[in-house]
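Here is how the chains run, residue by residue.
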Amino acid sequence: SFLIDGIKRSGYKNILSLGAGPCVLEYLLEMSLPEESQLIAADFDEFIVEKAKKFFPQLIVEKFDFQKDDFKSFRTKLDISFDLVIFWFCLHYG
């Protein structure tokens, strides 16, 4: 909720999520954002990107490897300037 409140309070419209994986958190975030906001989900794994596009067709999901790809080219390809970039970091212990 702190992220959603911060986005609304700051008036961020264009949000990029790096390392989105299967896009479950991005889907939940997108549902909570104002209608004029746009969320782009990006991940380096092409298989996961294609699966996320099928499961969440309402999301914009793109392949992007932030260690290898050029961010400026990625931004130009999408024709968008981002107000906020997020990266979910979760540790899973077995």
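The numbers attached to residues start from 1 for each chain and follow its sequence in the written order. Side-chain atom pairs in this predicted model are given and counted only at pLDDT of 80 or more, local residue features only at pLDDT of at least 70, and totals for whole chains, interfaces and linings cover all residues. Heavy atoms throughout the structure, all of them, feed into the side-chain values; hydrogens and water do not.

Chemist: Where do I start with the sheet that holds strand β3 (residues 60-63) in this structure?
Modeler: Strand pairs in the sheet, formed through backbone hydrogen bonds, run parallel or antiparallel to each other. Two strands qualify as a pair provided that DSSP identifies no fewer than 2 bridges between them. Strands here are runs of E lasting at least two residues and helices are runs of H or I lasting at least four, both read from the DSSP assignment and numbered beginning at the N terminus. Here we have four strands laid out as an open sheet, ordered β3-β2-β1-β4, and parallel in their pairing. The two strands at the open ends of the sheet, each matched to only one other strand, are β3 and β4 (84-87). Strand-to-strand, the axes of this sheet are offset by a mean angle of 25 degrees, without reference to chain direction. Across five bridges, the pairing between strand β1 (residues 14-18) and strand β2 (residues 38-43) is parallel. When the sheet's bridge partners are listed, Leu16 is paired in β2 with Ile40. The angle between two axes is taken between their N-to-C directions and runs from 0 to 180 degrees, where each axis is a line fitted to C-alpha atoms and a helix contributes only its stretch in contact.

Chemist: What should I look at first to understand helix α1 (residues 2-10) in this one?
Modeler: Along α1, the residues classified as buried are Leu3, Ile4, Gly6 and Ile7. Each buried residue of α1 lies within a common arc of 165 degrees when the element is viewed along its axis, so the set occupies one face. For α1, the exposed residues lying more than 90 degrees away from the buried face are Phe2 and Arg9. In what follows, a contact means two residues having at least one pair of non-hydrogen atoms within 4.5 Å. In the core, the buried residues of α1 are packed alongside β1, α2 (24-32) and β4. Following α1 by one or two positions, Gly11 has its phi on the positive side, about 75 degrees. The buried label goes to any residue with under 20% of its type's maximum accessible area, the exposed label to any with over 50%, and the partly exposed label to all in between, with areas taken from a 1.4 Å probe on protein chains only. Directions from the helix axis toward the C-beta atoms define the arc.

Chemist: Got a minute to help me understand the layout of surface pockets in this structure?
Modeler: Over the atoms a probe the size of a water molecule is rolled, and this reveals where empty space is left. Computed over the protein atoms alone on a 1 Å grid, cavities are sets of points where a 1.4 Å probe fits but cannot get out and pockets are open sets with protein on both sides within 12 Å along at least five of seven lines; a residue lines them when it has an atom within 4 Å of a point. Grid points are joined across faces, edges and corners, and a volume is the space filled by probe spheres set on the points. Taken as a whole, the largest pocket encloses approximately 250 Å³ of empty space. Around the largest pocket sit 17 residues that line it, and Gly19, Ala20, Gly21, Asp43 and Phe87 are the ones nearest its centre. Ranked by residues supplied to the lining of the largest pocket, first place goes to α2 with three residues. Class assignment of the residues belonging to the lining of the largest pocket gives a composition of 11 nonpolar, three polar and three charged. Each residue is assigned to one of three groups, with Ala, Val, Leu, Ile, Met, Phe, Trp, Tyr, Cys and Pro labelled nonpolar, Asp, Glu, Lys and Arg labelled charged, and all others, Gly among them, labelled polar.

Chemist: Would you mind going over the pairing of β2 with me for this structure?
Modeler: Side-chain positions along a regular strand alternate between the two faces of the sheet. When you tally the buried positions in β2, you get five out of six residues, the bulk of the element. Look down the strands so they point away from you; if the path from the first strand over the helix to the second goes clockwise, the crossover is right-handed. Handedness of the crossover is the feature at issue here: the chain leaves β1, passes through α2, returns alongside β2, and the resulting connection is right-handed. Note: β2 against β3, four bridges, orientation parallel. The partner of Ile40 across the bridge, within β3, is Ile60. This β-α-β element, β2 to helix α3 (residues 46-55) to β3, shows right-handed connectivity.

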